[in-house]
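# Structure assessment
Chain by chain, the residues:
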Amino acid sequence: MSIRNRLLLLPETESTNSYLLDRPELLKTPGLVVRSVRQTAGRGRRGKVWEGGEGNLYCSLVLDPSQYAIPQPSFTLLAGLALYRALENKGMRGHWIKWPNDILWQEKKLAGILTETKQTLYGQRLVLGLGVNLVGGPSQFSAEIATQSVTLEQAGMQVTAIQMLQAFLLAFGEILDAVKVSGLTPFLADWERCCQSLGRQIWHETSQGWAGAKIIGLASDGALKVVDVQGQVQVISGGEVRFAKPNP
Ligand code: BTN
């Protein structure tokens, strides 16, 4: 396994990603994992908050991207695939990956990944933060998030934070090892299978507002490939993607 992990367990912190990013000395060691029992200011993608109570998984992993000859955005996709596989190994069924790396079950969000970068004295580092909703129900979330979130417990599964973390690290380590040998392409193909979204209609955010399109797959760097309403192939590298309702 290519990630030789060292684990730092905290009772509480604002955000495990911020904990690492604020302490450059901890970024020296790729493979270091910080897990916190609670987060008081968890962060999601695009400036959103990441909520949840005790018993869920909140952790961040340090990676040195220069050890892998793959484009940076693809780390996030591979982490999503690792999480998909880890959940499958724990017995979960019916989950899928929403680009780039949310895990959904019954159209609700079960887990998310926030990847951030920092230039350090030791080179560039990726801090890959993982949040998995494991226990409880809607009451741990604010009203807005509660309707869009789900936990493993609600899906009928009992998995502890440490079990989930171990399963994820195992799956991610295997993927990163194999990427060094076989490259990214086989994993992009597996990601496309696990996203179960090929052919689905989406709305995506552009500088001119929301635009409709249909998902056709992944580009070689992990961006989302779609066909727009004029029939042109477009590549989406960021911004929000929403599925299929008549209007966003
Ligand atoms: C998203 O889907 O918006 C990404 C959510 C990522 C949440 C995790 S929880 C552990 C780590 N620390 C944070 O502040 N965020 C990530």
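Given the structure is predicted, the values throughout are model-derived calculations rather than measurements.

### Focus on the site of the ligand
Neighbouring the ligand are 20 residues, the closest being S15, Q39, R43, R45 and K109. Within the side chain of Q39, an N or O atom sits 2.9 Å from a nitrogen atom of the ligand. Protein contact buries 98% of the 410 Å² of open area that the ligand shows by itself. If you list the elements that add at least two residues to the shell around the ligand, you get α1 (16-21), β3 (57-63), β6 (108-120) and β7 (123-132). Counting residues per element, the shell around the ligand draws most heavily on β6, at four residues. The class makeup of the residues in the shell around the ligand is six nonpolar, ten polar and four charged.

### Re the sheet that holds strand β9 (residues 209-218)
With antiparallel pairing, five strands are arranged side by side in an open sheet as β11-β10-β9-β8-β12. Each edge of the open sheet is held by one strand with a lone partner, namely β11 (233-236) and β12 (241-243). Put simply, the sheet's adjacent strands are angled 45° from each other on average, direction ignored. As defined by bridge partners, β9 adjoins strand β10 (residues 224-228) across five bridges and the pair is classed as antiparallel. If you follow G217 over to β10, its bridge partner there is K225.

### Quick notes on the pairing of strand β8 (residues 201-206)
When β8 meets β9, the two strands line up antiparallel, connected through six bridges. Pairing of Q201 across the sheet is with K214, part of β9. Count of turn residues in the β8/β9 antiparallel hairpin: two residues. Of the pairings in the sheet, the one linking β8 to β12 comprises three bridges and is antiparallel in character. Across the sheet, H204 pairs through a bridge with V241, a residue of β12.

### A short note on unusual backbone geometry
Between W99 and P100 the backbone carries a cis peptide bond, its omega angle lying at 0°. Looking at where P100 falls in the secondary structure, it is placed in the loop between β4 (95-98) and β5 (102-105). A positive phi is found at R46, a non-glycine position, where the angle reads about 50°. Here R46 lies in the loop between β2 (32-39) and β3. Of the residues examined, R46 reaches a relative accessible area of 40% and is grouped as partly exposed.

### So, the packing of aromatic side chains
A complete count under the given rule lists three aromatic pairs for this structure. Seen from their ring centres, Y68 and F75 are 5.8 Å apart, and the 80° between their planes marks the pair as edge-to-face. The buried category is assigned to Y68, whose relative accessible area is 6%. Classification of F75 by relative accessible area gives buried; the value is 0%. Ring geometry for F168 versus F172: centroids 5.3 Å apart, planes at 25°, classification stacked. On the criterion of helical spacing, the pair formed by F168 and F172 is a turn pair, its members being four residues apart in helix α4 (residues 161-182).

### Here's the deal with the side chain of N17
For N17, the location among the structural elements is in helix α1. Take N17: its relative accessible area is 3%, and that puts it in the buried class. Within the structure, N17 has its side chain in polar contact with the side chain of S60 (distance 2.5 Å). If we skip the residues at most four places from it in the chain, N17 touches R43, S60, L114, E116, V127, L128 and G129.

Conventions used here
- Residues numbered from 1 in each chain as written.
- Predicted model: local features only at pLDDT ≥ 70, side-chain atom pairs only at ≥ 80, totals over all residues.
- Heavy atoms only, no water.
- Near = heavy atom within 4 Å.
- Polar contact = N/O pair within 3.5 Å; in protein donor to acceptor, adjacent residues only side chain to side chain.
- Areas by Shrake-Rupley, 256 points an atom, 1.4 Å probe, with all protein chains shown as cover.
- Helix = DSSP H or I, 4+ residues; strand = E, 2+ residues; numbered from the N terminus.
- Nonpolar A, V, L, I, M, F, W, Y, C, P; charged D, E, K, R; others polar.
- Pairing = 2+ DSSP bridges.
- Axes fitted to C-alpha atoms, helices over the stretch in contact; angles between N-to-C directions.
- Buried < 20%, exposed > 50% of the residue type's maximum accessible area, 1.4 Å probe, protein only.
- Phe/Tyr/Trp six-rings, centres within 6.5 Å; stacked < 30°, edge-to-face > 60°.
- Contact = heavy atoms within 4.5 Å.

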